Amino acid sequence: MATPSISYFTPIPLVYLLLFSSYSIPILAINITNLLSPYPDLSDFSALLTTTAVAADLTRRSSLTLLAVTNSFLRSSSADLTAHHPDLPDILRYHVLLEYLSWQDLRRVPAAGKLVTTLFQTTGRATSDFGSVNITRDPATGAIAVLSPAAAAAPSNATVLSLITTIPYNLTILSVNSLLVPFGFDLTASETRPPLGLNITKALIDGHNFNVAASMLAASGVADEFEQDEGGAGITMFVPTDDAFSDLPATANFQSSPADEKVVVLKFHVLHSYYPLGSLESIVNPVQPTLATEVMGAGKFTLNISRVNDSVGIDTGIVQASVTQTVFDQNPVAIFGVSKVLLPREIFGKNPIVTSKPGGEISGGAQPPDSSLSPENSPGLYPPPNSLSSPPGFLEELRSGAADNGVQSLILALGCIALCLLV
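Note on numbering: residues in each chain are counted from 1, in written sequence order. Totals for whole chains, interfaces and linings use every residue, but because this is a predicted model, local features are given only for residues with pLDDT of at least 70 and side-chain atom pairs only at 80 or more, for both listing and counting. Each side-chain value is derived from all of the structure's non-hydrogen atoms; neither hydrogens nor water enter the calculation.

Some points on the overall build of the protein chain
Stage number 1. Counting its regular elements, the protein chain contains 17 helices and 14 strands.
Stage number 2. For the protein chain, contacts bridging at least 24 residues in sequence account for 69% of all contacts bridging at least 6.
Stage number 3. A total accessible area of about 20,300 Å² is found for the protein chain, and carbon and sulfur atoms account for 56% of it. Helical segments are the DSSP runs of H or I of at least four residues, strand segments are the runs of E of at least two, and each set is numbered from the N terminus. The contact criterion used throughout is that any non-hydrogen atoms of two residues lie within 4.5 Å. Here, Shrake-Rupley sampling with a 1.4 Å probe gives the accessible areas, and only protein chains in the shown set may cover a residue.

Re unusual backbone geometry
Stage number 1. Cis geometry marks the peptide bond from Pro168 to Tyr169, where omega comes out at -10°.
Stage number 2. With respect to the helices and strands, the residue Tyr169 is situated in the loop between β6 (157-167) and β7 (171-176).
Stage number 3. Look at Phe301: it is not a glycine, yet its phi comes out positive at around 55°.
Stage number 4. Residue position: Phe301 is located in the loop between α14 (291-296) and β11 (302-308).

Digging into the confidence of the model for the protein chain
Stage number 1. As a per-residue measure, pLDDT reflects the predictor's confidence and takes values from 0 up to 100. The predicted model of the protein chain averages 74 in pLDDT, with 68% of residues at 70 or higher.
Stage number 2. Note that residues 5-27 has pLDDT below 50 and, in this model, 28 contacts with residues that lie over four places away or in other chains.
Stage number 3. Ignoring residues within four places in sequence, the model shows residues 353-423, a span with pLDDT below 50, making 87 contacts including any to other chains.

Section: the nonpolar core
The nonpolar side chains of soluble globular proteins are, as a tendency, buried together.
Stage number 1. Counting 47 residues, the largest nonpolar core has Ile32, Phe45, Leu49, Leu66, Ile135, Leu171 and Ile173 as the members making the most contacts within it.
Stage number 2. Not counting chain neighbours up to four residues away, the residues in contact with Phe45 comprise Leu66, Leu67, Ala68, Val69, Asn71, Leu74, Leu92 and His95. By nonpolar core is meant a set of buried Ala, Val, Leu, Ile, Met, Phe, Trp, Tyr and Cys residues that side-chain atoms within 4.5 Å join together. The rule is simple: take the accessible area with a 1.4 Å probe, protein chains only, and divide by the maximum for that residue type; under 20% is buried, over 50% is exposed, in between is partly exposed.

Some words on the packing of aromatic side chains
Stage number 1. Ring geometry is summarised as follows: Phe, Tyr and Trp rings, the Trp one being its six-membered ring, pair when their centres sit within 6.5 Å, and such pairs are stacked at plane angles under 30 degrees, edge-to-face over 60 and tilted between the two. Counted under the stated rule, the structure contains 5 aromatic pairs.
Stage number 2. A centroid spacing of 6.3 Å and a plane angle of 25° characterise the contact between Phe238 and Phe336, whose relative ring orientation is stacked. On the criterion of sequence distance, the pair formed by Phe238 in strand β8 (residues 235-240) and Phe336 in strand β14 (residues 333-338) is long-range, its members being 98 residues apart. In terms of burial, Phe238 and Phe336 fall into one category: buried.
Stage number 3. Any Lys NZ or Arg CZ that is within 6 Å of a ring centre and within 35 degrees of that ring's normal is treated as a charge sitting over the ring. Cation over ring: Arg125 sits above Tyr275, and NZ or CZ is 4.5 Å from the ring centre.

Side note on the sheet that holds strand β5 (residues 144-147)
Stage number 1. In this description, strands pair whenever DSSP reports at least two bridges between them. Pairing is mixed in the open sheet, where 7 strands are placed in the order β2-β1-β7-β6-β5-β4-β3. The strands lining the two open edges of the sheet, one partner per strand, are β2 (96-97) and β3 (114-117).

Observations concerning the pattern of salt bridges
Stage number 1. In the sections that follow, a salt bridge refers to a side-chain nitrogen of Lys or Arg positioned within 4 Å of a carboxyl oxygen of Asp or Glu. Scanning all chains against the criterion turns up 8 salt bridges.
Stage number 2. Two residues, Arg307 and Glu281, come together in a salt bridge whose shortest N-O distance is 3.5 Å. With Arg307 in strand β11 and Glu281 in helix α13 (residues 277-281), the pair connects residues that are 26 residues apart, well separated along the chain.
Stage number 3. The class of Glu281 is partly exposed, set by a relative accessible area of 31%.
Stage number 4. A salt bridge links Arg307 to Asp310; its shortest N-O distance comes to 3.6 Å.
Stage number 5. In this structure Arg307 comes out as partly exposed when scored by relative accessible area, which is 43%.
Stage number 6. Take Asp310: its relative accessible area is 67%, and that puts it in the exposed class.

Observations concerning the sheet that holds strand β10 (residues 287-289)
Stage number 1. One open sheet holds the 7 strands; their spatial order is β9-β8-β14-β13-β12-β11-β10, and the pairing between them is mixed. The strands lining the two open edges of the sheet, one partner per strand, are β9 (270-271) and β10.
Stage number 2. Strand direction decides the pairing type here: β10 and β11, joined by 3 bridges, are antiparallel. Within the sheet, the bridge partner assigned to Pro289 lies in β11 and is Thr302.

Let's talk about the environment of Phe301
Stage number 1. By relative accessible area, Phe301 is classed as buried at 3%.
Stage number 2. Along the chain, Phe301 and Arg345 lie 44 residues apart, while their C-alpha atoms are 7.8 Å from each other.

As for the pairing of β6
Here is the key point about a regular strand: its side chains alternate between the two faces of the sheet.
Stage number 1. For β5 and β6, the ladder comprises 3 bridges, and the chain directions are antiparallel. If you follow Leu147 over to β6, its bridge partner there is Asn157.
Stage number 2. Pairing of β6 with β7, which is carried by 6 bridges, proceeds in the antiparallel orientation. For Val160, the partnering residue across the bridge sits in β7 and is Val176.
Stage number 3. In textbook terms, the turn of a hairpin is the stretch between consecutive antiparallel strands, and for β6 and β7 this stretch comprises 3 residues.

Rendered as C-alpha coordinates:
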(Lines give C-alpha, C1' and ligand atoms only; values in the text may rest on other atoms or scores of the structure.)
Protein backbone atom coordinates (compact mmCIF):
# COMPACT_ATOMS: atom_id res chain seq x y z
CA MET A 1 0.00 0.00 0.00
CA ALA A 2 1.35 3.36 -1.00
CA THR A 3 2.31 5.65 1.81
CA PRO A 4 0.01 8.66 1.78
CA SER A 5 1.80 11.91 1.03
CA ILE A 6 1.73 14.53 3.72
CA SER A 7 1.64 18.16 2.68
CA TYR A 8 3.55 20.53 4.93
CA PHE A 9 3.02 24.26 4.71
CA THR A 10 3.93 27.31 6.70
CA PRO A 11 1.06 29.68 7.41
CA ILE A 12 1.63 33.20 6.11
CA PRO A 13 1.51 34.83 9.58
CA LEU A 14 4.33 32.54 10.72
CA VAL A 15 6.37 33.43 7.64
CA TYR A 16 5.96 37.08 8.55
CA LEU A 17 7.23 36.35 12.04
CA LEU A 18 10.26 34.63 10.54
CA LEU A 19 10.90 37.51 8.19
CA PHE A 20 10.55 40.31 10.68
CA SER A 21 11.45 38.85 14.10
CA SER A 22 15.11 39.87 13.80
CA TYR A 23 14.59 42.91 11.57
CA SER A 24 15.20 46.31 13.10
CA ILE A 25 12.21 48.50 12.27
CA PRO A 26 13.20 52.17 11.86
CA ILE A 27 11.57 54.85 14.01
CA LEU A 28 10.41 57.84 12.01
CA ALA A 29 11.75 61.16 13.19
CA ILE A 30 8.90 63.58 13.82
CA ASN A 31 9.77 67.17 12.97
CA ILE A 32 6.81 69.10 14.34
CA THR A 33 8.15 72.44 13.11
CA ASN A 34 8.22 71.19 9.52
CA LEU A 35 4.79 69.62 9.79
CA LEU A 36 3.21 72.80 11.15
CA SER A 37 5.01 75.20 8.78
CA PRO A 38 2.36 74.98 5.99
CA TYR A 39 -0.28 76.29 8.42
CA PRO A 40 0.28 80.01 9.18
CA ASP A 41 -2.56 80.06 11.71
CA LEU A 42 -0.55 77.66 13.91
CA SER A 43 2.72 79.61 13.72
CA ASP A 44 2.53 80.93 17.31
CA PHE A 45 1.93 77.46 18.75
CA SER A 46 4.74 76.02 16.62
CA ALA A 47 7.13 78.74 17.84
CA LEU A 48 6.29 77.96 21.48
CA LEU A 49 6.95 74.25 20.92
CA THR A 50 10.37 75.08 19.50
CA THR A 51 11.51 77.72 22.00
CA THR A 52 10.53 75.58 25.00
CA ALA A 53 12.27 72.51 23.49
CA VAL A 54 9.03 70.48 23.64
CA ALA A 55 9.36 69.93 19.88
CA ALA A 56 12.62 68.09 20.56
CA ASP A 57 10.79 65.84 23.07
CA LEU A 58 8.63 64.52 20.24
CA THR A 59 11.39 63.67 17.77
CA ARG A 60 11.75 59.99 18.55
CA ARG A 61 8.23 59.34 19.79
CA SER A 62 5.42 57.71 17.86
CA SER A 63 1.68 57.15 18.24
CA LEU A 64 0.92 60.76 19.18
CA THR A 65 -1.97 63.20 18.83
CA LEU A 66 -1.09 66.90 19.01
CA LEU A 67 -3.72 69.48 20.00
CA ALA A 68 -2.53 72.69 18.33
CA VAL A 69 -4.08 75.99 19.42
CA THR A 70 -4.68 78.48 16.61
CA ASN A 71 -3.08 81.95 16.68
CA SER A 72 -6.37 83.78 17.19
CA PHE A 73 -7.21 81.81 20.33
CA LEU A 74 -3.66 81.97 21.70
CA ARG A 75 -3.53 85.74 21.26
CA SER A 76 -6.95 86.25 22.84
CA SER A 77 -5.97 84.18 25.88
CA SER A 78 -5.47 85.97 29.18
CA ALA A 79 -2.49 83.72 29.94
CA ASP A 80 1.07 85.00 29.94
CA LEU A 81 2.57 82.99 27.10
CA THR A 82 6.17 84.17 27.08
CA ALA A 83 8.55 81.38 26.15
CA HIS A 84 10.33 81.71 29.51
CA HIS A 85 7.25 81.19 31.66
CA PRO A 86 8.24 78.45 34.12
CA ASP A 87 5.07 76.41 33.55
CA LEU A 88 4.72 76.81 29.80
CA PRO A 89 6.74 73.70 28.74
CA ASP A 90 4.50 71.45 30.85
CA ILE A 91 1.39 73.24 29.56
CA LEU A 92 2.50 72.43 26.02
CA ARG A 93 3.28 68.83 26.98
CA TYR A 94 -0.32 68.65 28.17
CA HIS A 95 -1.35 69.15 24.52
CA VAL A 96 0.55 66.03 23.37
CA LEU A 97 -1.58 62.89 23.73
CA LEU A 98 0.38 59.64 23.93
CA GLU A 99 -1.98 57.83 21.61
CA TYR A 100 -2.59 57.99 17.86
CA LEU A 101 -6.22 59.02 17.32
CA SER A 102 -7.52 59.18 13.78
CA TRP A 103 -10.57 61.24 12.82
CA GLN A 104 -12.57 58.00 12.75
CA ASP A 105 -11.35 57.16 16.27
CA LEU A 106 -12.64 60.50 17.53
CA ARG A 107 -16.05 59.88 15.96
CA ARG A 108 -16.23 56.60 17.89
CA VAL A 109 -15.49 58.11 21.31
CA PRO A 110 -18.21 56.92 23.73
CA ALA A 111 -20.55 59.37 25.40
CA ALA A 112 -18.86 58.67 28.74
CA GLY A 113 -15.58 59.90 27.30
CA LYS A 114 -12.10 58.48 26.82
CA LEU A 115 -9.19 59.18 29.21
CA VAL A 116 -5.87 59.67 27.38
CA THR A 117 -2.42 60.16 28.95
CA THR A 118 -0.39 63.20 27.87
CA LEU A 119 3.34 63.88 27.66
CA PHE A 120 3.04 65.99 30.81
CA GLN A 121 2.29 62.82 32.81
CA THR A 122 5.70 61.39 31.88
CA THR A 123 7.59 64.21 33.62
CA GLY A 124 6.71 62.94 37.09
CA ARG A 125 5.36 66.37 37.99
CA ALA A 126 1.68 65.52 37.44
CA THR A 127 -0.26 64.45 40.52
CA SER A 128 -2.70 61.55 40.33
CA ASP A 129 -4.18 61.34 36.81
CA PHE A 130 -4.05 65.10 36.25
CA GLY A 131 -1.55 64.50 33.48
CA SER A 132 -4.38 63.02 31.41
CA VAL A 133 -7.25 64.54 29.46
CA ASN A 134 -10.80 63.30 28.96
CA ILE A 135 -12.09 63.33 25.37
CA THR A 136 -15.87 63.46 24.96
CA ARG A 137 -18.22 63.56 21.97
CA ASP A 138 -21.67 65.13 21.93
CA PRO A 139 -23.98 62.56 20.26
CA ALA A 140 -26.37 65.28 19.14
CA THR A 141 -23.93 67.73 17.51
CA GLY A 142 -20.87 65.53 17.03
CA ALA A 143 -18.71 68.16 18.76
CA ILE A 144 -15.54 66.74 20.29
CA ALA A 145 -14.29 68.31 23.53
CA VAL A 146 -11.07 67.81 25.50
CA LEU A 147 -11.24 68.43 29.25
CA SER A 148 -9.04 68.18 32.30
CA PRO A 149 -10.13 65.28 34.53
CA ALA A 150 -10.32 67.85 37.34
CA ALA A 151 -12.64 70.10 35.33
CA ALA A 152 -14.94 70.66 38.30
CA ALA A 153 -12.09 72.09 40.36
CA ALA A 154 -10.21 73.82 37.54
CA PRO A 155 -12.38 74.22 34.43
CA SER A 156 -10.13 73.91 31.40
CA ASN A 157 -11.50 72.58 28.17
CA ALA A 158 -11.13 72.96 24.44
CA THR A 159 -13.18 72.00 21.40
CA VAL A 160 -11.63 70.27 18.39
CA LEU A 161 -12.01 72.52 15.36
CA SER A 162 -10.56 70.44 12.55
CA LEU A 163 -8.13 67.77 11.49
CA ILE A 164 -4.91 69.43 10.31
CA THR A 165 -2.88 66.49 9.07
CA THR A 166 -2.04 62.89 9.87
CA ILE A 167 0.75 60.37 9.45
CA PRO A 168 -0.87 56.96 9.83
CA TYR A 169 -0.33 55.46 12.39
CA ASN A 170 2.20 57.73 14.08
CA LEU A 171 0.82 61.25 14.38
CA THR A 172 -2.41 63.21 14.18
CA ILE A 173 -2.51 67.01 14.47
CA LEU A 174 -5.81 68.62 15.46
CA SER A 175 -6.61 72.31 15.85
CA VAL A 176 -8.41 73.33 19.05
CA ASN A 177 -10.00 76.59 20.18
CA SER A 178 -8.40 77.01 23.59
CA LEU A 179 -5.27 76.40 25.60
CA LEU A 180 -5.57 73.46 27.99
CA VAL A 181 -4.21 74.05 31.48
CA PRO A 182 -3.64 71.13 33.90
CA PHE A 183 -4.98 71.25 37.42
CA GLY A 184 -2.83 73.38 39.74
CA PHE A 185 -1.30 75.58 37.02
CA ASP A 186 -1.83 79.34 36.67
CA LEU A 187 -0.81 81.12 33.49
CA THR A 188 -2.70 84.32 34.24
CA ALA A 189 0.22 85.83 36.17
CA SER A 190 1.62 88.83 34.34
CA GLU A 191 5.20 88.18 35.42
CA THR A 192 7.43 85.15 35.26
CA ARG A 193 9.04 83.69 38.34
CA PRO A 194 11.79 86.03 39.57
CA PRO A 195 15.30 84.58 39.23
CA LEU A 196 17.04 83.16 42.26
CA GLY A 197 20.13 85.23 41.64
CA LEU A 198 22.14 82.04 42.03
CA ASN A 199 25.82 82.19 41.16
CA ILE A 200 26.30 78.70 39.69
CA THR A 201 30.09 78.85 39.71
CA LYS A 202 30.17 79.83 43.40
CA ALA A 203 27.61 77.11 44.26
CA LEU A 204 29.90 74.51 42.68
CA ILE A 205 32.99 75.77 44.48
CA ASP A 206 31.09 75.77 47.78
CA GLY A 207 29.97 72.20 47.03
CA HIS A 208 33.63 71.06 46.97
CA ASN A 209 35.09 68.58 44.47
CA PHE A 210 33.64 70.54 41.49
CA ASN A 211 36.52 72.95 40.87
CA VAL A 212 37.31 71.72 37.34
CA ALA A 213 33.71 72.02 36.22
CA ALA A 214 33.37 75.46 37.84
CA SER A 215 36.44 76.79 36.04
CA MET A 216 35.32 75.38 32.68
CA LEU A 217 31.82 76.86 33.05
CA ALA A 218 33.23 80.26 33.94
CA ALA A 219 35.86 80.26 31.18
CA SER A 220 33.39 79.23 28.47
CA GLY A 221 30.77 81.80 29.47
CA VAL A 222 27.94 79.25 29.57
CA ALA A 223 27.49 79.71 33.33
CA ASP A 224 26.02 83.15 32.62
CA GLU A 225 23.70 81.63 30.02
CA PHE A 226 22.51 78.98 32.47
CA GLU A 227 21.78 81.61 35.10
CA GLN A 228 19.54 83.46 32.65
CA ASP A 229 17.26 80.39 32.61
CA GLU A 230 16.68 80.56 36.35
CA GLY A 231 13.56 82.70 35.89
CA GLY A 232 12.27 80.61 32.99
CA ALA A 233 11.42 76.95 32.69
CA GLY A 234 14.29 76.13 35.01
CA ILE A 235 17.34 73.93 34.54
CA THR A 236 18.74 70.67 35.86
CA MET A 237 22.52 70.38 35.79
CA PHE A 238 24.61 67.21 36.00
CA VAL A 239 28.09 68.29 37.09
CA PRO A 240 31.02 65.82 37.00
CA THR A 241 33.22 65.68 40.09
CA ASP A 242 36.93 66.48 39.93
CA ASP A 243 37.61 62.74 40.16
CA ALA A 244 35.41 62.19 37.11
CA PHE A 245 37.62 64.54 35.08
CA SER A 246 40.73 62.76 36.38
CA ASP A 247 39.35 59.42 35.17
CA LEU A 248 38.88 60.62 31.59
CA PRO A 249 40.95 58.64 29.08
CA ALA A 250 43.47 60.66 27.11
CA THR A 251 41.48 60.11 23.91
CA ALA A 252 38.39 61.74 25.45
CA ASN A 253 39.91 64.74 27.18
CA PHE A 254 37.62 67.42 25.83
CA GLN A 255 39.31 70.15 27.91
CA SER A 256 41.63 70.60 24.91
CA SER A 257 38.75 70.52 22.41
CA PRO A 258 37.81 73.56 20.28
CA ALA A 259 35.84 76.19 22.18
CA ASP A 260 32.57 75.66 20.27
CA GLU A 261 32.72 71.88 20.77
CA LYS A 262 33.48 72.34 24.47
CA VAL A 263 30.37 74.53 24.84
CA VAL A 264 28.22 71.83 23.23
CA VAL A 265 29.56 69.20 25.66
CA LEU A 266 28.92 71.48 28.66
CA LYS A 267 25.34 72.11 27.47
CA PHE A 268 24.96 68.35 27.08
CA HIS A 269 25.06 68.19 30.90
CA VAL A 270 21.97 70.39 31.32
CA LEU A 271 18.22 69.76 30.94
CA HIS A 272 16.00 72.72 30.08
CA SER A 273 13.52 71.92 32.85
CA TYR A 274 13.66 71.77 36.63
CA TYR A 275 13.74 68.19 37.96
CA PRO A 276 14.17 67.60 41.69
CA LEU A 277 15.73 64.27 42.64
CA GLY A 278 12.34 62.63 43.26
CA SER A 279 11.18 63.49 39.74
CA LEU A 280 14.37 62.06 38.23
CA GLU A 281 13.90 58.82 40.18
CA SER A 282 10.33 58.39 38.91
CA ILE A 283 10.77 59.84 35.42
CA VAL A 284 8.58 58.00 32.90
CA ASN A 285 10.12 59.22 29.65
CA PRO A 286 13.79 58.22 29.97
CA VAL A 287 15.07 59.98 26.83
CA GLN A 288 15.52 63.65 27.66
CA PRO A 289 16.73 66.45 25.35
CA THR A 290 19.49 68.70 26.67
CA LEU A 291 20.50 72.29 26.01
CA ALA A 292 22.88 70.84 23.40
CA THR A 293 19.83 69.35 21.65
CA GLU A 294 18.44 72.85 21.17
CA VAL A 295 21.72 73.92 19.56
CA MET A 296 22.51 70.86 17.43
CA GLY A 297 19.04 69.74 16.37
CA ALA A 298 16.16 67.55 17.47
CA GLY A 299 16.99 63.94 18.28
CA LYS A 300 20.67 64.61 18.94
CA PHE A 301 22.56 64.95 22.22
CA THR A 302 19.89 63.34 24.41
CA LEU A 303 20.36 61.62 27.78
CA ASN A 304 18.75 58.37 28.86
CA ILE A 305 17.78 58.75 32.52
CA SER A 306 16.51 55.89 34.67
CA ARG A 307 16.55 54.52 38.19
CA VAL A 308 19.43 52.06 38.66
CA ASN A 309 20.29 50.34 41.96
CA ASP A 310 18.54 52.89 44.18
CA SER A 311 20.21 55.76 42.32
CA VAL A 312 19.64 57.80 39.18
CA GLY A 313 21.54 56.41 36.20
CA ILE A 314 22.46 58.51 33.17
CA ASP A 315 23.39 56.85 29.88
CA THR A 316 24.84 58.86 26.98
CA GLY A 317 25.20 55.88 24.66
CA ILE A 318 28.92 55.48 25.43
CA VAL A 319 29.09 56.49 29.11
CA GLN A 320 27.05 55.26 32.08
CA ALA A 321 27.14 57.60 35.06
CA SER A 322 25.18 57.95 38.27
CA VAL A 323 24.04 60.84 40.45
CA THR A 324 26.27 60.93 43.53
CA GLN A 325 24.96 63.94 45.43
CA THR A 326 22.66 66.94 45.39
CA VAL A 327 24.69 70.16 45.17
CA PHE A 328 21.75 72.58 45.01
CA ASP A 329 17.98 72.14 44.72
CA GLN A 330 15.62 75.07 44.81
CA ASN A 331 12.96 75.55 42.18
CA PRO A 332 13.72 76.32 39.37
CA VAL A 333 17.38 75.15 39.60
CA ALA A 334 18.67 71.69 40.48
CA ILE A 335 22.38 70.83 40.44
CA PHE A 336 23.54 67.23 40.91
CA GLY A 337 27.02 65.75 41.11
CA VAL A 338 27.63 62.83 38.75
CA SER A 339 30.28 60.12 38.78
CA LYS A 340 31.52 60.55 35.21
CA VAL A 341 31.88 63.19 32.53
CA LEU A 342 28.90 62.78 30.19
CA LEU A 343 30.47 62.27 26.77
CA PRO A 344 27.98 62.51 23.88
CA ARG A 345 28.22 59.72 21.35
CA GLU A 346 27.75 62.29 18.57
CA ILE A 347 31.24 63.62 19.31
CA PHE A 348 33.11 60.82 21.10
CA GLY A 349 31.43 57.73 19.61
CA LYS A 350 32.98 55.48 17.02
CA ASN A 351 30.89 57.11 14.28
CA PRO A 352 30.34 60.69 15.45
CA ILE A 353 27.68 62.78 13.76
CA VAL A 354 29.12 65.62 11.69
CA THR A 355 26.75 68.57 11.70
CA SER A 356 27.41 71.29 9.15
CA LYS A 357 25.17 73.78 10.93
CA PRO A 358 23.15 73.90 14.16
CA GLY A 359 19.57 72.74 13.84
CA GLY A 360 20.27 70.48 10.86
CA GLU A 361 18.50 67.17 10.30
CA ILE A 362 19.79 64.04 11.97
CA SER A 363 22.65 62.59 9.96
CA GLY A 364 21.29 59.55 8.23
CA GLY A 365 17.93 59.93 9.96
CA ALA A 366 14.67 58.80 8.39
CA GLN A 367 12.45 61.50 6.95
CA PRO A 368 8.76 61.60 7.89
CA PRO A 369 6.40 60.44 5.15
CA ASP A 370 4.22 62.82 3.16
CA SER A 371 1.47 64.09 5.44
CA SER A 372 -0.35 66.38 3.01
CA LEU A 373 -3.29 64.02 2.64
CA SER A 374 -5.67 63.46 5.51
CA PRO A 375 -8.46 60.93 6.07
CA GLU A 376 -11.00 63.77 5.73
CA ASN A 377 -9.84 64.70 2.26
CA SER A 378 -9.10 61.18 1.11
CA PRO A 379 -11.59 58.76 2.70
CA GLY A 380 -10.49 55.17 2.60
CA LEU A 381 -6.92 56.09 1.65
CA TYR A 382 -5.55 54.78 4.95
CA PRO A 383 -7.39 51.56 5.82
CA PRO A 384 -6.48 49.92 9.13
CA PRO A 385 -3.64 47.40 8.82
CA ASN A 386 -4.55 43.72 8.73
CA SER A 387 -2.53 40.86 10.13
CA LEU A 388 -0.47 40.62 6.92
CA SER A 389 0.54 44.29 6.73
CA SER A 390 4.25 45.04 6.81
CA PRO A 391 5.47 47.53 9.42
CA PRO A 392 5.16 51.24 8.51
CA GLY A 393 8.21 52.40 6.54
CA PHE A 394 9.50 48.83 6.03
CA LEU A 395 9.05 48.67 2.25
CA GLU A 396 10.33 52.22 1.85
CA GLU A 397 13.49 51.32 3.76
CA LEU A 398 14.06 48.28 1.56
CA ARG A 399 13.65 50.39 -1.60
CA SER A 400 16.02 53.05 -0.29
CA GLY A 401 18.73 50.48 0.28
CA ALA A 402 18.78 51.00 4.07
CA ALA A 403 18.81 47.21 4.56
CA ASP A 404 21.96 45.47 3.41
CA ASN A 405 21.95 43.13 0.44
CA GLY A 406 22.29 40.07 2.67
CA VAL A 407 19.09 40.85 4.55
CA GLN A 408 17.22 41.54 1.30
CA SER A 409 18.42 38.26 -0.18
CA LEU A 410 17.37 36.36 2.94
CA ILE A 411 13.91 37.93 2.86
CA LEU A 412 13.44 37.12 -0.84
CA ALA A 413 14.63 33.55 -0.31
CA LEU A 414 12.30 32.96 2.63
CA GLY A 415 9.44 34.45 0.65
CA CYS A 416 10.06 32.06 -2.25
CA ILE A 417 10.26 29.10 0.12
CA ALA A 418 6.97 30.09 1.68
CA LEU A 419 5.24 30.32 -1.69
CA CYS A 420 6.61 26.94 -2.75
CA LEU A 421 5.35 25.33 0.46
CA LEU A 422 1.89 26.72 -0.19
CA VAL A 423 1.67 25.30 -3.71
